[in-house]
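As a plain string of letters, each chain reads:
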Amino acid sequence: MPRSIEELKERFEREFASISGMEAWKSVRDTFLARDSGIITAEMKKLRELPKEERPAFGQAINRLRSTIENRLQERHDELKKAALAGLQSRLDVTRPGFPYALGSAHPIKRLQAEIERIFVNLGFEVFDLTEIEGDYYNFEALNMPRNHPARDAQDTFYFDDTLLLRTHCTSVDVHAMEGRKPPIRAVTTGKVYRRDPFDATHSPMFYQVDVVVIDEGITMGDMKGMLEVFLKQLFHPGIKMRLRPGFFPFVEPGAEVDISCIFCNGAGCPTCKHSGWIEILGAGMCHPKVLRMSGIDDSRYSGFAWGMGIDRVPMLKYGVEDIRLLFDNDLRFLEQF
Ligand SMILES: [Zn+2]
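Residues numbered from 1 in each chain as written. Predicted model: local features only at pLDDT ≥ 70, side-chain atom pairs only at ≥ 80, totals over all residues. Heavy atoms only, no water.

Engineer: Where do I start with the overall build of the chain in this structure?
Structural biologist: If you tally the helices and strands in the chain, you get 11 helices and nine strands. The C-alpha extent of the chain, read off along each of the three principal axes, is 120 × 45 × 35 Å. Nonlocal contacts in the chain, meaning residues at least 24 apart in sequence, comprise 65% of its contacts between residues at least 6 apart. With the model as given, the accessible surface of the chain reaches about 19400 Å², and the carbon-plus-sulfur share is 52%. Measuring between centres, the 45 positive side-chain charges of the chain sit 7 Å from its 50 negative side-chain charges. (Helix = DSSP H or I, 4+ residues; strand = E, 2+ residues; numbered from the N terminus. Contact = heavy atoms within 4.5 Å. Areas by Shrake-Rupley, 256 points an atom, 1.4 Å probe, with all protein chains shown as cover. Lys, Arg positive; Asp, Glu negative; His and termini not counted. Charge placed at Lys NZ, Arg CZ, Asp CG, Glu CD.)

Engineer: What should I look at first to understand a nonpolar patch on the surface in this one?
Structural biologist: Side chains of I133, F160 and L164 sit close together on the surface and give an oily, nonpolar patch of about 280 Å² of accessible area. Along the chain, the position of F160 falls in the loop between helix 6 (136-139) and strand 3 (164-166). (Patch = residues over 30% accessible without salt bridge, like charges linked within 9 Å, V, L, I, M, F, W, Y side chains within 5 Å. Salt bridge = Lys/Arg side-chain N within 4 Å of Asp/Glu carboxyl O.)

Engineer: Just to check I follow, could you spell out the nonpolar core for this structure?
Structural biologist: Generally speaking, nonpolar side chains in soluble globular proteins are found buried as a group. Membership of the largest hydrophobic core comes to 48 residues, with the highest contact counts inside it found for L232, W307 and M309. Core analysis: the next-biggest nonpolar cluster, separate from the first, contains 24 residues, A142, F251, I297 and Y302 among them. (Core = buried A, V, L, I, M, F, W, Y, C linked by side-chain atoms within 4.5 Å. Buried < 20%, exposed > 50% of the residue type's maximum accessible area, 1.4 Å probe, protein only.)

Engineer: Quick question: what am I supposed to make of the coordination of the zinc ion here?
Structural biologist: For a metal bound by four donors in tetrahedral geometry, the ideal donor-metal-donor angle is 109.5 degrees, whereas six donors in octahedral geometry ideally sit at 90 or 180 degrees. Protein coordination at the zinc ion: the donors are C262 (SG), C265 (SG), C270 (SG) and C273 (SG), at 2.2 to 2.3 Å from the metal. Between the four donor atoms coordinating the zinc ion, the angles at the centre fall across 103 to 115°, so the site counts as tetrahedral. Mapping the donors of the zinc ion onto the primary sequence yields the spacing C-x2-C-x4-C-x2-C. Across the pair, exposure class does not vary: C265 and C273 are buried alike. (Donors = N, O, S within 2.8 Å, 3.2 Å for Na, K, Ca; no water. Tetrahedral: all angles 85-135°; square planar, octahedral: opposite > 155°, others 65-115°.)

Structure, rendered in structure tokens:
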């Protein structure tokens, strides 16, 4: 072996013996094997300067040295990796308890929407998922509220332009369900509605409603009362009582305000029901013949009823939530209680 190669091998052994970790290993590898600046590459370049007859012996010697260095370094690399892994395992305690994850749950309003829809699906209703941006025609005109009708004032409306608005109620489901369908019609929809109301403990410019419409031959107010009772008893409590009072809505005739017996005092009288024993819960009535005719239903043959209820009222009554804003603030401290 040429003298210079012998010296290189000794130098490698010295440096190799001092490798204590991965950093040192990399440094030794680069010193000897780096493609551009490594010692082996530099030696290979010397080959050209040697006399022709010395070249084969020198070339073989340098190749042998390179493969020795490569093999030794590979072995050392495997050892270092094994040791690192063993160190890691000794710090890994698989018996430690895991990190707790908070579990989410459905928002109380969303849960109620699903519960209400389920009640009506079980009664054979079709669920309508309608858009919150509605035509003036569906929100007002087809519901017997032409332009300049005084009842429009009661529902201060967000308008986009002359024909488009944010729906002020879900009652537009009456029109959508009747259009292009033949009775019997049984439709329900739930969703957000918008009015230019202040944002305080009992008002919000956005709230949730459920609206229902039923059209068929021979539908009477008795049918309406029966269905309302089934629904309200399922939603609140099987023991609640219900009563109807005369009420006015342009799209029904006759119209009714519906009360349930106070769920806080069972009808005995308390501050929530203003000592009357009753709580107003929704508006209902028999579909106005004009509304039926406008949507292409023969009002001499068919009749129907419709009603609408604020969904936000339910958790306020059921769980005693006193401020409607709590339902929309997305404060987890509040929502996690449901
Ligand atoms: Zn009461």
